Amino acid sequence: MPSKVYFGTARQSLLEAKETLPAKLDLILEQLHLRERVKDERVVIKMHTANNIGYSTLHPVFVRKVVQAVKDGGGKPFVADVPWDVAGAEMRGYSAESLGCPIYPAAGPDEKYYYEHQRPYKNIQSWKVAGFIQDATFMVNFAHVKGHPSNGFGAAIKNLALGCMAGETRGRMHDSMHFDQYWFPENCPDPATSIPQIAASCPFQAIVEDKKAPGTMHLHMEQCNQCGRCLKVAPQGSLKIDKVNFESFMEACAISVSETMSTFQLGKAIHINLATQMTPLCDCFGFTGMAILPDVGIFGSDDIVAVEQATLDAIAQTKLIEENIPLAMEVHFREGHPFRQLHGPLKDPYKTTEYAEKYGLGSRIYELVDIYPLVKVERAALPYTSAN
Ligand code: SF4
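Presented here is a report on the structure given in the accompanying data block. (Residues numbered from 1 in each chain as written. Predicted model: local features only at pLDDT ≥ 70, side-chain atom pairs only at ≥ 80, totals over all residues. Heavy atoms only, no water.)

## Regarding unusual backbone geometry
Within the chain, lysine 122 stands out as a residue other than glycine whose phi angle is a positive 50 degrees. Mapped onto the elements, lysine 122 comes out in the loop between β5 (114-121) and β6 (124-130). Relative accessible area serves as the criterion here: at 26%, lysine 122 is assigned to the partly exposed category. (Helix = DSSP H or I, 4+ residues; strand = E, 2+ residues; numbered from the N terminus. Buried < 20%, exposed > 50% of the residue type's maximum accessible area, 1.4 Å probe, protein only.)

So this is what it looks like as structure tokens:
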């Protein structure tokens, strides 16, 4: 049976508050029966409070509505995020006063409060699930949708995958992209000549000589849009721009969420995506640029895979606003999802949901329920009035 995803469009028929996204969030929370499900639960609201002067993640108006619903239902809410973002959260409007509940660093101020889960994957032996996350008994996963330099986009899955792990695991997840070999020195007979040429071929400084291992190359996957310029100058067989490296991070995200969600009983989580002000990169970057896609709306479900798939499918119906893309980026590829077009062919956002489904986190088959459909506005015909 398909998973239900409740959806409120960002569009309005009428100029009324009840047709705006915070009001539609209320309707989604009702459909998910949040109030009825949280009595006496210790409810973590996992969100990203952003960084520095970023202002495009979840506005406090939205978060406050979730907090109020949890309180109405007799639950004990708190917001959790990584420590350096929590430390300056009040600068961006997030405080106990504005949200109505405390904000905690998920793994403690020094990221030393975690539970270790053994599960080997490439360079990761164990997953350090943040203590405040594992101690909670109910999860509200509330994510802002935007682009992401490693897996093309970030939303519900990435919000948990990175935000519920202690720092060491987050670092290892990023490093998983380097686990599979992509530089083959035996096929580069003249590194003193070739390495500077390869580095110079990349307009994004994505491939550089490895500082720790001179004579070899290091690929910054986040900056790489897989344009292939470097492959044209690299000696044959010396360099690979390979999907296995890019997809390692996506698979690591799925495993990470699987470890976090294993600490919650079945039915003790909801997942919400807010797809507005979608910027090219994630909210960790500490600033907000122009939106590169039109606002789509808000999605909620018990199924993290379904909510992610529905969000991606809705965004796929839109087009990149190319004039809003920063000049430091380029769109050289026009196939598939808009986020894939922006970040390159090997950063297909749908891979993340494929891995999440593979690891049993939910289903990509969903039924979309529009909780406040647009209505046709009938306008009275204007009578013709002569200027004379
Ligand atoms: S594929 Fe393009 S973006 Fe990536 S490292 Fe090579 S030149 Fe740079």
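## A closer look at the side chain of serine 56
Checked against the element boundaries, serine 56 lands in the loop between β2 (42-46) and α3 (60-72). Judged by relative accessible area, serine 56 falls into the buried class, the value being 6%. There is a polar contact of 3.0 Å between the side chain of serine 56 and the side chain of threonine 288. Residues contacting serine 56, with those up to four places away along its chain left out, are His144, Gln277, Thr279, Asp283 and Thr288. (Polar contact = N/O pair within 3.5 Å; in protein donor to acceptor, adjacent residues only side chain to side chain. Contact = heavy atoms within 4.5 Å.)

## Some remarks on the pairing of β6
Of all seven residues that make up β6, six are buried, and the element is covered over most of its length. Examined bridge by bridge, β5 and β6 share six bridges and lie antiparallel to one another. Bridge assignment links histidine 117 to a residue of β6, and that residue is tryptophan 127. Linkage of β5 to β6, two consecutive antiparallel strands, is achieved through a turn of two residues, within which lysine 122 is found at a positive phi near 50 degrees. (Pairing = 2+ DSSP bridges.)

## What about the nonpolar core?
In terms of nonpolar packing, the biggest core is built from 76 residues, with Ile133, Met173 and Phe299 touching the most fellow members. Ranked by residues supplied to this core, first place goes to helix α12 (residues 304-316) with eight residues. Here isoleucine 133 is in contact with Val44, Lys46, Ala80, Ala106, Met139, Cys164, Thr260 and Phe264, once residues within four sequence places are set aside. Among the nonpolar cores identified, the runner-up in size contains 33 residues, and Leu32, Ile45, Val66 and Ile272 belong to it. (Core = buried A, V, L, I, M, F, W, Y, C linked by side-chain atoms within 4.5 Å.)

## Here we look at the packing of aromatic side chains
Taken as a whole and judged by the stated rule, the model has eight aromatic pairs. Linked through ring pairs, Phe78, Tyr104, Tyr113, Tyr115 and Phe132 together constitute an aromatic cluster. (Phe/Tyr/Trp six-rings, centres within 6.5 Å; stacked < 30°, edge-to-face > 60°.)

## Points about the state of the cysteines
Summed over the entire model, instances satisfying the criterion amount to zero disulfides. Its sulfur unpaired, cysteine 101 is 15 Å from the next cysteine sulfur, which belongs to cysteine 164. In this structure cysteine 101 comes out as buried when scored by relative accessible area, which is 4%. (Disulfide = S-S within 2.5 Å.)

Function cannot be read off these values alone, since they describe shape.
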